[in-house]
Amino acid sequence: MQMKNFLGPLILLVLLTGAVISIDINNASAQDQKNQVQTQSQNVSQYINLTNAYWSYYNEDLSSSSQVIADFVHNNLTRQNALEAITPIFILESQIADAIQKITPPDKYLDYHNNMVNSIVSMQAYLLSLMKFYETGKTGYAVEASELFNKSIEFHDKAIESQILK
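Conventions and cut-offs
Residues numbered from 1 in each chain as written. Predicted model: local features only at pLDDT ≥ 70, side-chain atom pairs only at ≥ 80, totals over all residues. Heavy atoms only, no water. Salt bridge = Lys/Arg side-chain N within 4 Å of Asp/Glu carboxyl O. Helix = DSSP H or I, 4+ residues; strand = E, 2+ residues; numbered from the N terminus. Expected span 1.5 Å × (residues − 1). Buried < 20%, exposed > 50% of the residue type's maximum accessible area, 1.4 Å probe, protein only. pLDDT = per-residue confidence, 0-100. Contact = heavy atoms within 4.5 Å. Phe/Tyr/Trp six-rings, centres within 6.5 Å; stacked < 30°, edge-to-face > 60°. Axes fitted to C-alpha atoms, helices over the stretch in contact; angles between N-to-C directions. Parallel < 35°, antiparallel > 145°, perpendicular 65-115°, else oblique. Left-handed = near helix turned anticlockwise from the far one by under 90°. Nonpolar A, V, L, I, M, F, W, Y, C, P; charged D, E, K, R; others polar.

## A closer look at the pattern of salt bridges
Here comes step 1: Applying the stated criterion to the full structure yields 2 salt bridges.
Here comes step 2: The residue Lys132 makes a salt bridge to Glu135 at a minimum N-O spacing of 2.8 Å. One end of the pair, Lys132, and the other, Glu135, are both in helix H3 (residues 110–136), 3 residues apart, so they sit about a helical turn from each other.
Here comes step 3: Between Glu154 and Lys158 there is a salt bridge whose closest N-O contact spans 3.6 Å. Taken together, the positions of Glu154 and Lys158, both in helix H4 (residues 139–164) and 4 residues apart, correspond to about one turn of that helix.

## Section: helix H2 (residues 79–101)
Here comes step 1: Its 23 residues place the ends of H2 32 Å apart at the C-alpha level, agreeing with the 33 Å of an ideal helix rising 1.5 Å per residue.
Here comes step 2: Restricting attention to buried positions, one finds in H2 the residues Ala82, Leu83, Ile86, Ile89, Phe90, Glu93, Ser94, Ile96, Ala97 and Ile100.

## As for the confidence of the model for the protein chain
Here comes step 1: With 73% of its residues at a pLDDT of at least 70, the protein chain reaches an overall mean of 83.
Here comes step 2: Ranking the elements of the protein chain by mean pLDDT puts helix H1 (residues 2–73) last with 69 and H3 first with 96.
Here comes step 3: Confidence drops under pLDDT 50 across residues 12–16; counting only partners more than four residues distant or on other chains, this segment forms 0 contacts.
Here comes step 4: Counting interchain partners and residues more than four positions distant, the pLDDT-below-50 stretch residues 32–39 has 0 contacts.

## Topic: the packing of aromatic side chains
Here comes step 1: Taken as a whole, this structure holds 9 aromatic pairs when the rule is applied.
Here comes step 2: One aromatic cluster is present, built from ring pairs that chain together Tyr47, Tyr109 and Tyr112.

## Regarding the packing of H2 against H3
Here comes step 1: Close contact between H2 and H3 brings their axes to 9 Å; oriented N to C, the two are set at 160°. In terms of orientation, H2 and H3 fall into the roughly antiparallel class. H2 and H3 meet at a crossing whose hand is left-handed.
Here comes step 2: Across the contact of H2 with H3, the residue classes tally to 19 nonpolar, 6 polar and 3 charged.

Here it is as structure tokens:
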């Protein structure tokens, strides 16, 4: 008989312990979800900050390469000097292109990211064509550079437009 009296409180204790554990698990799960949302928000913020820095580099490279072209057109630079001036810009833009292609963007920024990558890769190709033009003097490279420049700007505009829509 005493065993039955003991089982009742024991069962109650087990049930209460289970209820407390269940509450702790639910609280931990809710905290994990909250942390996940915060982490995703931080990741988006970090991604935007990083891509803004890359756009800044892109704009600086665009400005520098445009200055080299202007100086060359106004006979302030020889082809050799223009080639020497454009080479470090190409190297820097290549490093940006490599870095940006290694980033996994947040899902909602896939279009933005793809357009950004295309813009930067097109800029890299534009600079390479300029280098080939300055190296060889062949106008075909200058025409190709112009087309790649326009393509880069087009992708740039699409990227900015898709980010604004977010």
